[in-house]
Amino acid sequence: MTSRLDDIALALGHSQLDGWLFYDFRLSDPLAYRILGLSEDGIATRRWFCFVPARGKPRAIVSAVEAHRLDAIAVEKIVYRSHDEMLAALRRVLEGARRIAMDYSPGCAIPYVSRVDAGTVEIVRAIGVEVVSAADLIQRFEATLTREQLGSHQRAAGALRSIVDETFSEIAQLISADQPVSEVSVQESVMARFAARGLVTHAPPIVAVNEHSADPHYGPTAKHDSAIRRGDFILLDLWAKETAADSVYSDFTWVAFAGDRIPGEHARVFKIVADARDATVDLVHRRVAAGDAVSGREADRAARSVIEAAGFGDAFVHRTGHSIGREVHGTGANLDSLETLDDRTLIDNTCFSVEPGIYLPGKFGVRSELDMTIENGRAIVSGEPRQREIVAILKRPLD
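Cut-offs applied
- Residues numbered from 1 in each chain as written.
- Predicted model: local features only at pLDDT ≥ 70, side-chain atom pairs only at ≥ 80, totals over all residues.
- Heavy atoms only, no water.
- Phe/Tyr/Trp six-rings, centres within 6.5 Å; stacked < 30°, edge-to-face > 60°.
- Lys NZ or Arg CZ within 6 Å of the ring centre and 35° of its normal.
- Helix = DSSP H or I, 4+ residues; strand = E, 2+ residues; numbered from the N terminus.
- Buried < 20%, exposed > 50% of the residue type's maximum accessible area, 1.4 Å probe, protein only.
- Polar contact = N/O pair within 3.5 Å; in protein donor to acceptor, adjacent residues only side chain to side chain.
- Contact = heavy atoms within 4.5 Å.
- Axes fitted to C-alpha atoms, helices over the stretch in contact; angles between N-to-C directions.
- Parallel < 35°, antiparallel > 145°, perpendicular 65-115°, else oblique.
- Left-handed = near helix turned anticlockwise from the far one by under 90°.
- Nonpolar A, V, L, I, M, F, W, Y, C, P; charged D, E, K, R; others polar.
- Salt bridge = Lys/Arg side-chain N within 4 Å of Asp/Glu carboxyl O.

A. Structural view of the packing of aromatic side chains. Here the structure, examined in full by the defined rule, presents 5 aromatic pairs. Through pairs of rings, three or more aromatic residues link up here, namely W20, F22 and F141. R304 extends its terminal NZ or CZ atom over the ring of F316, reaching a point 3.9 Å from the ring centre.

This is the structure we're talking about:
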């Protein structure tokens, strides 16, 4: 852990910060536990702080009720009993600091890193210390992935791509045989394929037919389940990872048509979405290859501009992509200039989705999602080949 604390101190110096103040109450900040290498097991009912300075020794503040809470990081501890003693310890630890980072986001612009409550930030500011967001530091120390994690992502991506093809083939076979098939039955089939390949997920996939695909986060249930028939449009969004604790998700969305010829309107909308997706992919490839920075906000604008130019700007209702890690929605930079203005740079050894969409309520919605990683200065698309056209699942192969 000394090495991790030394690395944090070095990063703080480069960021012209006096320190990083970690804080938790009842496991309110899982990022603090991950970054400091702490276990979330055991009783955690009292507030604790850990201040890592750019210069000097880290110090922790813990309650007398849980005095051993931070023993794993072997830093000097101040034990408090009362609220007044806690505040006095905080003033002592922060003495001389003028500008520090905490796990918060101004205006909650980036909710994934906004873990410290407003009242605690107020306490620190009342001491006379400026508090800035630790978002960039969090990305460096929590969202960057090891070689093993990147490998787990790529293996999951390969498995998901196969499952997409197998799922569309299964739907086609059932329809051709006049056998029943529905959103829920396909969802269950995908989950079984996950299990067979040793993959896990926090939630079942999205299987959305026709107008349901115009709801970006539609989820079929036993009470809301549509049959899949000839002439139906199908959106499949699936995400999963390997079972090892530090495995990283993969997340894809593909679309298909239960017929042998794609309707013109569907094909036109898909092309716009695919062009938008590829505009972002191309931007990231160019910038990374040139050694130039690209922000999540810029990457979003690359896709959004294509959809806006085609006249569907209002129908693209979400960001272009999200960070991917041990959770499918990770803590790194998101591709976003809509829901937030994410100016964080897409950095080396991270993973993120690229998934623009056009949603036409009452009709259908098209989303095309792939994943990208940046590894050793190279931008890579996971699970190629990417989708180039809507899959006509009932089209007969050429003899």
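B. Structural context of the side chain of S337. Within the secondary structure, S337 sits in the loop between β11 (323-324) and β12 (350-354). With a relative accessible area of 15%, S337 lands in the buried category. A distance of 2.5 Å separates a polar atom in the side chain of S337 from a polar atom in the side chain of D300. Every residue in contact with S337, bar those within four places of it in the chain, is listed here: R297, D300, R301 and R304.

C. Local environment of the packing of helix α8 (residues 264-290) against helix α9 (residues 296-309). Two elements in contact, α8 and α9, have axes whose closest approach is 8 Å; the angle formed by their N-to-C orientations is 150°. Compared by their axis directions, α8 and α9 come out roughly antiparallel. Where α8 crosses over α9, the handedness of that crossing is right-handed. Together, I272, D275, A276, A279, T280, L283, V284 and R287 of α8 and E298, A299, A302, A303, V306 and I307 of α9 make up the contact between the two elements. Of the residues assigned to the contact of α8 with α9, the class counts are 10 nonpolar, 1 polar and 3 charged.

D. Expanded view of the packing of helix α6 (residues 147-176) against helix α7 (residues 183-196). One way to put it is that α6 packs onto α7 with a least axis distance of 10 Å and a crossing angle of 140°. Here α7 runs oblique to α6, going by the angle between their axes. Note that α6 runs across α7; the crossing there is right-handed. Contact residues: L160, I163, E166, T167, E170 and I171 in α6; V186, S189, V190, R193 and F194 in α7.

E. Main features of the environment of R193. Here R193 shows up in helix α7. Through-space distance from the C-alpha of R193 to that of I163 is 6.9 Å; in sequence the pair is 30 residues apart. In contact with R193, not counting residues within four places along its chain, are I163, E166, T167 and E170.

F. Representation of the environment of G321 in the model. Mapped onto the fold, G321 is located in the loop between α9 and β11. On the basis of relative accessibility, which here comes to 1%, the residue G321 falls in the buried class. Along the primary structure G321 and D348 are separated by 27 residues, whereas in three dimensions their C-alpha atoms are 17 Å apart. Beyond its immediate stretch of four places on either side in the chain, G321 contacts N334, L335, S353 and E355.

G. Representation of the pattern of salt bridges. Scanning the entire structure with this criterion turns up 26 salt bridges. D71 is paired through a salt bridge with K77; the nearest N and O atoms lie 2.5 Å apart. Residue classification places D71 among the partly exposed residues on the basis of a relative accessible area of 36%. Salt-bridge contacts for E265 lead to K363; the nearest nitrogen and oxygen are separated by 2.6 Å. One end of the pair, E265, is in helix α8; the other, K363, is in the loop between β13 (357-360) and β14 (364-367), and 98 residues separate them in sequence.

H. Representation of the side chain of T120 in the model. Secondary-structure assignment places T120 in helix α4 (residues 118-126). Here D117 takes part through its side chain, which lies 2.8 Å from a polar atom of the side chain of T120. In this structure T120 touches Y23, F49 and M102, once residues within four positions along its chain are discounted.

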